[in-house]
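# Observations on chain architecture
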Amino acid sequence: MERPKGPLADETALEQAVRQYQAELLRYAAGILGSWADAEDAVQTAFLKVWQRRARLRPDTMLRPLLYRVTCRNALDQLRRARREARREPAPAQAEPAPWLGVEVRAALDALPPADRALVWGQVVEGLSYRELAAIHGKSENYLRNRCCRAKRRLSALLGEDGTPEKGGHP
């Protein structure tokens, strides 16, 4: 069997990738899922999937966007499964992925559709460029710019002009 020549050629390359990208992928997944435990599952599964498919990767494959894309898909899949099962447990208080956000902002983010939450979290909190987001989501930069702008407007409407939740529900 021929050895893979891509970005994950051996276990040492995998270990290096885990050290380099795990923390940022955990933050990203936790931002989407609202739970560190769920984020750990999504990220671990992402590394495992990429490792299992390493022989199919081209040598010029950019590992970081690939890991973000697989992590994002895993997180969105977890949300879909949880919605189907209709028994998602709230994350414990100590597991809050970004305590500096505040309860109101976290609640407003959670009110966004998961794909929009992933975009806003990636762009605003993680500081990912639209080019990086395009590689992660497999969409054009312009499409993501527009979608992210709409998501931010919805988030702003949910929070109200002064940054607090609107009384009486949705915009």
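Below or above, wherever it landed, is the structure these notes cover. Remember, it's a predicted structure, so these values are computed and weren't measured experimentally.

## Thoughts on the pattern of salt bridges
Under the defined criterion, the tally for this structure stands at nine salt bridges. Two residues, Asp110 and Arg106, come together in a salt bridge whose shortest N-O distance is 2.9 Å. Here Asp110 pairs with Arg106, and both are found in helix 4 (residues 103-111), just four residues apart, close to one helical turn. Arg106 sits in the buried class, given a relative accessible area of 6%.

## Things to note about the packing of aromatic side chains
Counting across every chain of the model gives one aromatic pair. Where Tyr28 meets Tyr68, the ring centres are 5.0 Å apart and the plane angle is 65 degrees; that geometry is what we call edge-to-face. Taken together, the residues Tyr28 in helix 1 (residues 11-33) and Tyr68 in helix 3 (residues 63-85) connect sequence positions 40 residues apart. Like Tyr68, Tyr28 is buried. A cation over a ring is seen here: Arg54 above Trp51, with NZ or CZ 3.7 Å from the ring centre.

## Some thoughts on the nonpolar core
Among the nonpolar cores identified, the biggest contains 48 residues, and Leu8, Tyr28, Ile32, Phe47, Val50 and Leu63 are the most heavily contacted of them. Going through the elements one at a time, helix 1, helix 2 (36-52), helix 3, helix 4, helix 5 (114-125), helix 6 (130-137) and helix 7 (141-159) are the ones with two or more residues in this core. For this core, the element with the highest residue contribution is helix 1, accounting for 11 residues. Residue contacts for Tyr28: discarding those within four places in its chain leaves Tyr68, Cys72, Ala118, Trp121, Gly122, Glu126, Leu128, Ile136 and His137.

## Observations regarding the environment of Gln22
Within the element layout of this structure, Gln22 appears in helix 1. Classification of Gln22 as partly exposed rests on a relative accessible area of 35%. Through-space distance from the C-alpha of Gln22 to that of Leu67 is 9.4 Å; in sequence the pair is 45 residues apart. Excluding residues that lie within four positions of it along the chain, Gln22 makes contacts with Ala17, Val43 and Phe47.

What counts, and at which threshold
Residues numbered from 1 in each chain as written. Predicted model: local features only at pLDDT ≥ 70, side-chain atom pairs only at ≥ 80, totals over all residues. Heavy atoms only, no water. Salt bridge = Lys/Arg side-chain N within 4 Å of Asp/Glu carboxyl O. Helix = DSSP H or I, 4+ residues; strand = E, 2+ residues; numbered from the N terminus. Buried < 20%, exposed > 50% of the residue type's maximum accessible area, 1.4 Å probe, protein only. Phe/Tyr/Trp six-rings, centres within 6.5 Å; stacked < 30°, edge-to-face > 60°. Lys NZ or Arg CZ within 6 Å of the ring centre and 35° of its normal. Core = buried A, V, L, I, M, F, W, Y, C linked by side-chain atoms within 4.5 Å. Contact = heavy atoms within 4.5 Å.

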